[in-house]
Amino acid sequence: MWKHVVLVLLCGFLVCTDQLELIDNTQEPFFDVTADSVFTGQLGGRVFLSCAIYNLHNKSVSWIRERDGYILTVGRETFISDHRFFAVQSDTGLSDTWSLGINNVRMSDQGKYQCQVSAAEKLSRNTELVVIKPQVTIVGGPELHVKSGSRVQLRCLISQTVDPPAYVTWYFNGKMLVDFSESHVSLSHSVTESTSRLTLRDINRSDGGNYTCQPANLQKAHVTLHVIEPVEIEPRLSVTSGVTADLGSGLALVLCFLLA
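Since this is a predicted model, take the numbers as computed values, not measurements.

Undergrad: Quick rundown of the overall build of the protein chain? Include the residues and the values.
TA: Regarding its fold elements, the protein chain presents two helices and 19 strands. Sorting the 260 residues of the protein chain into buried and exposed places 33% on the buried side. The contacts of the protein chain with a sequence gap of at least 6 include a subset with a gap of at least 24, amounting to 62%. If you sum the accessible surface of the protein chain, you get close to 16600 Å²; carbon and sulfur atoms cover 56% of it.

Right, dumping it as structure tokens:
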């Protein structure tokens, strides 16, 4: 009797009445079916697949890879030689959330996974991992031709990412470019892509070569910059003067001949 009185009192402070059943040890565990079941990870990054379970108590949770039936984790222990896989548990008070973490995500990791609870009857929830490959390109590449003395802005576009890159590093002929003034390199983000800009002013032939942009934890993109010196055109005045002089001499000779 007193147990139920305490629970009712707690209800006013911690949980509402329709959730009291959830903290009853006699109840069987069940999944939160409203939680996400499809997760997106990017190639080379880290991703977490999660399942929320009510009334878990002291029962263990396992993660199974569906395509081959491998047991990846049981509790917090990893049961596969590929140690990119690991399990994380968090307790919200009303439910336990067990997550399967994968480091350095590969395209082969894409597929379905099961979150299983060691209950009297088999209890599992299907989840799916979708892996996307980020795209990194330099606009106008792989070859750019510019005139000496001009201003050039190289744009590195990063798209199809789960999380935008925290920074982008630029290299010139394999050597890192450091912009202490932050006036030559910039990084901006939009909903669909991130853009890093490298600005070169009053360039000359020594600025020609290979430029590389390297977003954090992503693949590189390259462009070769060719600097073209302006072609000097010889003045045509001397030629015109010469023609004029020759014509003048010819006319003088003709006049002299006629007058003779």
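Undergrad: Account for the state of the cysteines, with residues named and values stated.
TA: One pass over the structure, following the stated rule, counts two disulfides. Each disulfide pairs two cysteine sulfurs, and for Cys-51 the partner residue is Cys-115, the sulfurs being separated by 1.9 Å. Here Cys-51 is found in strand S3 (residues 47-54), whereas its partner Cys-115 is found in strand S9 (residues 111-117), with 64 residues between them in sequence. The same class applies to Cys-51 and to Cys-115, which are both buried. Covalently, Cys-156 is tied to Cys-213 through a disulfide, its sulfur atoms 2.0 Å apart. Linking Cys-156 and Cys-213, the disulfide has an S-S dihedral of approximately 50° and is accordingly described as right-handed. Of this pair, Cys-156 sits in strand S13 (residues 152-159) while Cys-213 is found in strand S18 (residues 209-215), placing the two residues 57 residues apart along the sequence.

Undergrad: Can you tell me about unusual backbone geometry, naming the residues and giving the values?
TA: A cis amide bond, omega 5°, links Gly-141 with the succeeding residue Pro-142. By the secondary structure assignment, Pro-142 is in the loop between strand S11 (135-138) and strand S12 (143-147). Positive phi values are uncommon outside glycine, yet His-57 reaches one of about 55°. His-57 gets classed as partly exposed once you look at its relative accessible area, which sits at 34%.

Undergrad: Pulling in residues and values, what's your account of the sheet that holds S9?
TA: With mixed pairing, six strands are arranged side by side in an open sheet as S2-S10-S9-S4-S5-S6. With one partner strand each, in any of the chains shown, strand S2 (38-42) and strand S6 (77-78) form the two edges of the open sheet. Two elements, S2 and strand S10 (residues 123-132), share five bridges in a ladder whose sense is parallel. Bridge pairing links Val-38 to Glu-128 in S10.

Undergrad: Any chance you could break down the pattern of salt bridges for me, citing the residues and the numbers?
TA: Here the structure, examined in full by the defined rule, presents five salt bridges. Linking Arg-106 and Asp-82 is a salt bridge whose minimum nitrogen-to-oxygen distance equals 4.0 Å. With Arg-106 in the loop between strand S8 (95-102) and S9 and Asp-82 in the loop between S6 and strand S7 (85-91), this pair connects stretches of sequence that are 24 residues apart. Ionic contacts of the salt-bridge type, sharing partners, join the residues Asp-82, Arg-84, Arg-106 and Asp-109 into one network.

Undergrad: I'd love a proper account of the nonpolar core, names of residues and values included.
TA: Ranked by size, the top nonpolar core spans 23 residues in total, and within it Leu-49, Ile-53, Trp-63, Trp-98, Leu-100, Ile-102 and Tyr-113 carry the most contacts. Elements with a contribution of two residues or more to this core: S3, strand S4 (61-65), S7, S8, S9 and S10. Counting residues per element, this core draws most heavily on S3, which supplies four residues. Discounting chain neighbours no more than four positions away, the residues touching Ile-53 are Pro-29, Phe-30, Phe-31, Val-61, Ser-95, Asp-96, Trp-98, Cys-115 and Val-117. Membership of the second largest hydrophobic core comes to 21 residues, among which are Cys-156, Ile-158, Val-223 and Leu-225.

Undergrad: Just give me the short version of the packing of aromatic side chains, but keep the residues and values in it.
TA: Scanning the model with the defined rule gives three aromatic pairs in all. With centroids separated by 5.7 Å and ring planes inclined at 90°, the aromatic side chains of Phe-48 and Phe-86 adopt a geometry described as edge-to-face. Placement of the pair is Phe-48 in strand S3 and Phe-86 in strand S7, with a sequence separation of 38 residues. Classification of Phe-48 as partly exposed rests on a relative accessible area of 34%. When the ring centre of Tyr-171 is taken as reference, the NZ or CZ atom of Lys-220 above it lies at 6.0 Å.

Undergrad: Please set out the sheet that holds strand S1 (residues 30-31) residue by residue, giving values where relevant.
TA: With respect to topology, four strands assemble into an open sheet ordered S1-S3-S8-S7, the strand pairing being antiparallel. In the strand order of this sheet, the two ends are held by S1 and S7, each with one partner. Of the strand pairs in this sheet, S1 and S3 are connected by two bridges, and their pairing is antiparallel. Within S3, the position partnered with Phe-31 by the bridge is Ile-53.

Conventions used here
In this convention, every chain numbers its residues from 1, walking through the sequence in written order. In keeping with the model being predicted, local features are shown solely for residues with a pLDDT of at least 70 and side-chain atom pairs are shown and tallied solely at 80 or more, while totals for entire chains, interfaces and linings include all residues. For side-chain calculations, the full set of non-hydrogen atoms in the structure is used, while hydrogens and water are omitted. Secondary structure is summarised from DSSP: a helix means a run of H or I of at least four residues, a strand means a run of E of at least two, and numbering begins at the N terminus for each. Exposure categories follow from relative accessible area, calculated using a 1.4 Å probe and restricted to protein chains: below 20% of the type maximum is buried, above 50% is exposed, and the middle band is partly exposed. In this analysis, two residues are considered to be in contact whenever any of their non-hydrogen atoms come within 4.5 Å of each other. Note on areas: Shrake-Rupley with a 1.4 Å probe; residue coverage comes only from the protein chains shown. Two cysteine sulfurs form what is called a disulfide whenever their separation falls within 2.5 Å. Strands qualify as paired when DSSP identifies two bridges or more between them. A pair is scored as a salt bridge if a Lys or Arg side-chain nitrogen falls within 4 Å of a carboxyl oxygen belonging to Asp or Glu. Put simply, buried Ala, Val, Leu, Ile, Met, Phe, Trp, Tyr and Cys residues joined by side-chain atoms within 4.5 Å make one nonpolar core. Pairs were defined over the aromatic rings of Phe, Tyr and Trp, the Trp ring being its six-membered one, requiring ring centres within 6.5 Å. Orientation was assigned from the angle between planes: stacked under 30 degrees, edge-to-face over 60, tilted for the rest. Criterion for a charge above a ring: Arg CZ or Lys NZ at most 6 Å from the ring centre, at most 35 degrees from the ring normal.

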